[in-house]
Amino acid sequence: MSRQTYKVCFCCTRRFKLGVAEVPPEIKALFEKYSENGFMGAAQLQRFLIEVQKQGKATEEEAQAIIDGLKHLTIFHRRGSALNLDGFFKYLFNDNNPPLIPSTGVHHDMTAPLSHYFIFTGHNSYLTGNQLSSDCSDVPIIQALERGVRVIELDIWPNAKKDNVDVLHGRTLTTPVELIKCLRSIKEHAFTVSDYPVVITLEDHLTPDLQAKVAEMVTKTFGDVLFSPHSEGLKEFPSPESLKRRVIISTKPPKEYLEAKEAKEKGDDSQKEKSSGDEEAWGKEVPSLKGDTIADYKNNVDEEDVSGEEDPDDADRSHHDVAPEYRRLIAIHAGKPKGGLEECLKVEPDKVRRLSLSEQQLEKAAITHGQQIVRFTQRNMLRVYPKGTRIDSSNYNPLIGWMHGAQMVAFNMQGYGRSLWLMHGMFKANGGCGYVKKPDFLLQTGPNNEVFDPKVKLPVKKTLKVTVYTGEGWYNDFHHTHFDQFSPPDFYTRVGIAGVPADTIMKRTKAIEDNWLPSWNEEFEFPLTVPELALLRIEVHEYDMSEKDDFGGQTCLPLSELREGIRAVPLYSRKGDKYNHVKLLMRFEYH
């Protein structure tokens, strides 16, 4: 690709802000259609909102409010205030024209049992970095809660003196943090973002006397906020609504901590696999559920699970010598019944529980028992956790869990990458409260006791048409030499669907050479068989002929709340933080 020397004008950045010259042809045509003599008044804007933006209830007063809100771009003529082409374009590219349905917050039915919801779930929530040698701290727990995570996992072990309780990743080089510090931070930050319940899952390696100490800590820390059912086990899970601002403890009836137990070291050679070198700077492509990776990226090697990761629901649990006050804390009982998969997935009419499977165990179980898993998750909880070889705190494709009804798809929140972007996208729904109601088809049973079969390819339900018009903001949010020392960037956009295997695909635009304000004007169509589980993936990269392409922003949007029409789509960093200025102008249409 030829390169031109490019001199940046530091005194003025107006050339990097979109103006009339950058208005896409389709936007110009729409303005001409819905305006008169170059002016769009309230009545005309209302008609545009109804017919193009699919806002069927838009009123003329609302249209006038939009015009009034753009006073610096408003033109006054004989019929009152109106928008010219520049004002219309700025309105479309405004933060007040977002891609998701603006809501006052939670709008799903929150009165169903907990098992009817996908829940924003963390894995090893106390780790600051990798799984082998990073520090344990309450800081990532606080950060997770402030992002809306509702399930926090703590691994609890005796401290060095065996007289108190630490949180750490056992049998690794991770430095411990005191349990009481984690509990106090959870109490302080649990409900800053969402009033809906926080579940603390405990992986317990304690003696009965230390279990009693934990019971005292938990009871004193949370007091009346703690939800403790009176019975030994629940017959049905309560609803998120009934558990607002409550903390719930979930663990197995614990086994006695055996000091002499031979521990498998996680730091052995089999655990020290490094990334295979095919990883892009912003993370591996999400493994598809078809057995390969999505789109045009290299395969993500699926290592054999040689994990030292302890199965959280190991059936080898002693029910004696357990501190009774500790047992009474447990509201959601975890456990893996003795026997095979059939026994694990058995649905009991008078008892509910939580089952944990590794990502690989779920993948294998899904091949032969897909519908049984769906049936199990209609009443019971299923937690899926990352395989032990993910020592870099990477994640897996969450759709494998969601399409089988798994409520707790546990992720390493301290890293970043495409899988985590999908998780962030799913939980943008329902006001970001951390609970998303599962689609009805995952909760329904047919007349012959049949349930949804994740393996069956269904007919196309609807098709999403996406138009990528243009983008702006990189010059403001990135240093002017970030992408190239001597030239403006060559941006391209990747857009696609994460969903069931039949719907999953990624496509890309051409790269626009040497332009801080790229204009693509490209259309893509995505047939959807299960739109209820689909997420729209959007990424911008800068093409580099000699090195890896540079990252320029991403977002992931739940189709369940995607607005039709022309929308301003804000982009986020690799870690999921929203940029101040970077966004795309896109159009979404269903047919």
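These remarks concern the structure in this document.

Conventions and cut-offs
- Residues numbered from 1 in each chain as written.
- Predicted model: local features only at pLDDT ≥ 70, side-chain atom pairs only at ≥ 80, totals over all residues.
- Heavy atoms only, no water.
- Helix = DSSP H or I, 4+ residues; strand = E, 2+ residues; numbered from the N terminus.
- Buried < 20%, exposed > 50% of the residue type's maximum accessible area, 1.4 Å probe, protein only.
- Contact = heavy atoms within 4.5 Å.
- 1 Å grid on protein atoms, 1.4 Å probe; cavity = no way out; pocket = protein on both sides within 12 Å on 5 of 7 lines; lining within 4 Å.
- Points joined across faces, edges and corners; volume = space filled by probe spheres on them.
- Nonpolar A, V, L, I, M, F, W, Y, C, P; charged D, E, K, R; others polar.
- Polar contact = N/O pair within 3.5 Å; in protein donor to acceptor, adjacent residues only side chain to side chain.
- Core = buried A, V, L, I, M, F, W, Y, C linked by side-chain atoms within 4.5 Å.
- Axes fitted to C-alpha atoms, helices over the stretch in contact; angles between N-to-C directions.
- Parallel < 35°, antiparallel > 145°, perpendicular 65-115°, else oblique.
- Left-handed = near helix turned anticlockwise from the far one by under 90°.
- Salt bridge = Lys/Arg side-chain N within 4 Å of Asp/Glu carboxyl O.

This part covers the overall build of the protein chain. A tally of regular secondary structure across the protein chain gives 13 helices and 22 strands. Here the protein chain holds 591 residues, and 58% of them are scored as buried. Put simply, 74% of the contacts in the protein chain that link residues at least 6 apart link residues at least 24 apart.

We now examine the layout of surface pockets. Roughly 590 Å³ of volume is contained in the second largest pocket. Surrounding the second largest pocket, 30 residues form its lining, L100, F427, K428, L557 and Y572 being those nearest its centre. Breaking the lining of the second largest pocket down by element, the ones donating at least two residues are α5 (139–147), α12 (418–426), β20 (550–558), β21 (565–572) and β22 (578–590). Considered class by class, the residues forming the lining of the second largest pocket number 15 nonpolar, 8 polar and 7 charged.

Attention now goes to helix α4 (residues 85–92). Residues three or four positions apart in an α-helix share a direction because the helix packs 3.6 residues into each turn. Within α4, 7 of the 8 residues are buried, which leaves it mostly tucked inside the rest of the structure. Those residues of α4 that sit buried are L85, D86, G87, F88, F89, Y91 and L92. The N-cap of α4, judged by a side-chain oxygen 3.3 Å from the amide nitrogen of D86 a few residues on, is N84.

One finds L154, I156, L179, I186, I200, Y326 and W402 to be the most contacted residues of the largest nonpolar core, which totals 78 residues. The next biggest cluster of nonpolar side chains, apart from the first, holds 33 residues, and it includes L100, W474, F526 and V540.

The backbone of R245 shows a phi angle near 55°, a positive value even though the residue is not glycine. Along the chain, R245 turns up in the loop between β8 (226–227) and β9 (247–251). Taking relative accessible area as the criterion, R245 reaches 43% and is therefore assigned partly exposed. Positioned with a positive phi, N449 is a non-glycine residue whose angle comes to about 65°. Note on N449: relative accessible area 47%, which makes it partly exposed.

This part is about the side chain of D484. Checked against the element boundaries, D484 lands in the loop between α13 (474–477) and β16 (491–498). D484 sits in the buried class, given a relative accessible area of 18%. Within the local environment of D484, its side chain forms a polar contact with the backbone nitrogen of F486, the two atoms lying 3.0 Å apart. Polar contacts involving the side chain of D484 include one to the main-chain amide nitrogen of S487, which spans 3.2 Å.

For the rest of this paragraph, the subject is the packing of helix α2 (residues 42–51) against α4. Viewed as axis vectors pointing N to C, α2 and α4 meet at an angle of 40°, and their least axial separation amounts to 14 Å. Taken together, the axes of α2 and α4 are oblique relative to one another. Here α2 and α4 pass one another in a crossing that is right-handed. Between α2, through L45, F48 and L49, and α4, the contact on the second element is made entirely by F88, Y91 and L92. Counted by class, the contact of α2 with α4 contains 6 nonpolar, no polar and no charged residues.

Next up on the list: the pattern of salt bridges. Applying the stated criterion across every chain yields a total of 20 salt bridges. In this structure, the salt-bridge partner of D86 is K90, at a minimum N-O distance of 2.7 Å. Taken as a pair, D86 and K90 lie in helix α4 at a separation of 4 residues, close to a single helical turn. Here K465 and E523 are joined by a salt bridge, their closest N and O atoms 3.6 Å apart. Of this pair, K465 sits in strand β15 (residues 462–472) while E523 sits in strand β18 (residues 519–528), and the two are 58 residues apart along the sequence. Connected via shared salt-bridge partners are E26, K465, E523, R587 and E589.

Running from N to C, helix α6 (residues 179–189) and helix α7 (residues 208–222) point in directions that differ by 25°, and their axes come no closer than 10 Å. Accordingly, the angle class assigned to the pair α6 and α7 is roughly parallel. Seen along the crossing, α6 lies across α7 with a hand that is right-handed. Contact residues: α6 offers L179, I180, L183, R184, I186 and K187, while α7 offers V214, M217, V218, T221 and F222.

This paragraph deals with α12. With respect to burial, α12 is a largely interior element, 9 of its 9 residues being buried. Among all positions in α12, only R418, S419, L420, W421, L422, M423, H424, G425 and M426 are buried.

Without other data, these values stay purely geometric and don't point to any function.
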